[in-house]
Amino acid sequence: MDPKVSVCFVVLESSEVSEKAREELKKAIALLGKMSYWEIEKVTLFEDQRMTKLK
């Protein structure tokens, strides 16, 4: 097997998302650690502010 390649993973979320949706996102990020060819070194969460500026 080839050595794992290290990557950074960026997640864009919105404040409009429910708490259940945020928990699902956390579970999805945790599953990334089980990949065979990629090693996630860092996960960065950005909150999408575009919709809140329109209110």
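All figures in this text were calculated on a predicted structure; none of them were measured in a lab. (Residues numbered from 1 in each chain as written. Predicted model: local features only at pLDDT ≥ 70, side-chain atom pairs only at ≥ 80, totals over all residues. Heavy atoms only, no water.)

*Asks:* Explanation requested: the overall build of the protein chain in the structure shown.
*Replies:* Across its full length, the protein chain holds two helices and two strands. When the helices and strands of the protein chain are placed in sequence order, the string is β-α-β-α. The burial tally for the protein chain puts 9% of its 55 residues in the buried class. Across the protein chain, every contact between residues at least 6 apart in sequence was considered, and the portion connecting residues at least 24 apart equals 79%. Working note: accessible area of the protein chain is about 4,800 Å², and carbon and sulfur atoms make up 58% of it. (Helix = DSSP H or I, 4+ residues; strand = E, 2+ residues; numbered from the N terminus. Buried < 20%, exposed > 50% of the residue type's maximum accessible area, 1.4 Å probe, protein only. Contact = heavy atoms within 4.5 Å. Areas by Shrake-Rupley, 256 points an atom, 1.4 Å probe, with all protein chains shown as cover.)

*Asks:* What exactly am I supposed to notice about helix 1 (residues 19–31) here?
*Replies:* Given 3.6 residues per turn, any residue in an α-helix points the same way as the ones three and four places further on. Over its 13 residues, helix 1 runs 19 Å from end to end, which matches the ideal 18 Å to within 8%, given 1.5 Å per residue. Of all 13 residues making up helix 1, only zero are buried, and the element is barely covered by its neighbours. (Expected span 1.5 Å × (residues − 1).)

*Asks:* I'm lost on the pattern of salt bridges in this one. Help?
*Replies:* Applying the stated rule across the entire model yields one salt bridge. Where E23 meets K26, a salt bridge forms, and the shortest distance between an N and an O atom there is 3.4 Å. Taken together, the residues span about one helical turn, with E23 and K26 both in helix 1 at a distance of three residues. A relative accessible area of 51% places K26 in the exposed class. (Salt bridge = Lys/Arg side-chain N within 4 Å of Asp/Glu carboxyl O.)

*Asks:* Quick question: what am I supposed to make of the environment of V11 here?
*Replies:* As for its placement among the helices and strands, V11 is situated in strand 1 (residues 5–14). Note on V11: relative accessible area 7%, which makes it buried. For V11, the residues in contact, after removing those within four places along its chain, are L25, I29, V43, T44, L45 and F46.

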